[in-house]
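# Coordinate analysis (summary)
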Amino acid sequence: LENVASFQEVIDASKSIEDRTADLFKKFPAFKKRTQDSFNEFDFHLQNNVINSRIQSVSPEPNPEGCCVVPSTSYFDSQQAYDLFCPLPSEHPGDCLQRRITLLRKVANNRKELHLILDGGKDQMDKLEVTQQDEIMYKCLYLAEAYELFAVFKNAHGWNWRKCCQAAIEKLKDVGIDRINNERKIETVNIEFRQREEFCPKPTRASEMPLIFQFRETMIPECAEIMNTELRES
């Protein structure tokens, strides 16, 4: 910038000289043209110097190998992406999404694979009602759709994670699936899934119920027999 300032001072001084010798320039047009051409050429070099100085001021510093490190513009390279999806250690968020898409679609298309994303595996799967299994499979389907859309539109203008969740709902609704109607629900599913890549539903089968309800089939006849005995004795 100091060099630019000094160049500007030279130009100002030269133009001052031109003003004082205006009458001479009028009498000698050819001399005026050569002088003006010189000014224009000097001004061109000055502009180039300004542009180059600005480029150098924002150029990335070379790394130890001597290559320039250009900052990434991909969302997947941001800390926000790591916080949103919580990939495995040393795993890139983009690779994480692709791996999860494959896993979630595998489960959504085959009930037998449900144990892959359950806390407790097959033992937990056997304790779940069919309706609970269906709910988890739908979660996998919606989350896979949202992940897939985000992998495509992550850097597109106006697109973000929430909009991809909303687009996943609309996409599945077009084929007759409308189990989830709010994009925030998919965001919640992602938060539930991202840490351990598992779902932890609470079983509701009889084996998990209080003992008094588990033995209801044997208790009812016994109670009836006691009541009948008391009635006969009375």
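Residues numbered from 1 in each chain as written. Predicted model: local features only at pLDDT ≥ 70, side-chain atom pairs only at ≥ 80, totals over all residues. Heavy atoms only, no water.

### A short note on the pattern of salt bridges
Throughout the structure, instances matching the rule amount to 11 salt bridges. A salt bridge links R99 to E91; its shortest N-O distance comes to 3.0 Å. Residue R99 is classed as partly exposed on the basis of its relative accessible area, which comes to 30%. With relative accessibility at 14%, the residue E91 sits in the buried group. With a shortest N-O distance of 2.7 Å, E187 and R162 are connected by a salt bridge. With a gap of 25 residues between them, E187 in helix α9 (residues 183-194) and R162 in helix α8 (residues 161-173) connect regions that are remote in the sequence. Several salt bridges converge on common partners, so that one network encompasses E91, R99, R100 and E197. (Salt bridge = Lys/Arg side-chain N within 4 Å of Asp/Glu carboxyl O. Buried < 20%, exposed > 50% of the residue type's maximum accessible area, 1.4 Å probe, protein only. Helix = DSSP H or I, 4+ residues; strand = E, 2+ residues; numbered from the N terminus.)

### A closer look at the environment of F76
Tracing the sequence through the fold places F76 in the loop between α3 (29-58) and α4 (79-85). Exposure remark for F76: the relative accessible area of 5% places this residue in the buried category. As a C-alpha pair, F76 and D95 span 19 residues in sequence and 9.5 Å in three-dimensional space. When near neighbours in sequence (up to four residues on either side) are disregarded, F76 contacts A81, Y82, F85, H92, P93, G94, L97, F150, A151 and K154. (Contact = heavy atoms within 4.5 Å.)

### Considering unusual backbone geometry
Of note, S90 is a non-glycine position whose phi angle comes to about 70°, a positive value. With a phi close to 55°, E197 is a non-glycine residue in the positive phi region. Of note, E197 is situated in the loop between α9 and α10 (211-214).

### Comments concerning the packing of aromatic side chains
What the rule picks out here adds up to 9 aromatic pairs. For the pair F153 and W159, a centre-to-centre distance of 4.3 Å together with 15° between the ring planes defines the contact as stacked. With a relative accessible area of 28%, F153 lands in the partly exposed category. Exposure remark for W159: the relative accessible area of 24% places this residue in the partly exposed category. Cluster of aromatic residues (ring-pair linked, three or more members): Y75, F76, F85, Y147, F150 and W161. We note K163 situated over the ring of W159; from NZ or CZ to the ring centre the distance is 4.8 Å. (Phe/Tyr/Trp six-rings, centres within 6.5 Å; stacked < 30°, edge-to-face > 60°. Lys NZ or Arg CZ within 6 Å of the ring centre and 35° of its normal.)

### Some details on the nonpolar core
Note that soluble globular proteins tend to have their nonpolar side chains buried in a common cluster. Ranked by size, the top nonpolar core spans 38 residues in total, and within it I117, Y147, W161 and I186 carry the most contacts. Every element with two or more residues in this core is listed here: α4, α5 (93-108), α7 (130-153), α8 and α9. Looking at this core element by element, the count peaks at 11 residues for α7. What I117 contacts, discounting residues up to four positions off in sequence, is L103, V107, I136, C140, F193, E197, E198 and F199. (Core = buried A, V, L, I, M, F, W, Y, C linked by side-chain atoms within 4.5 Å.)

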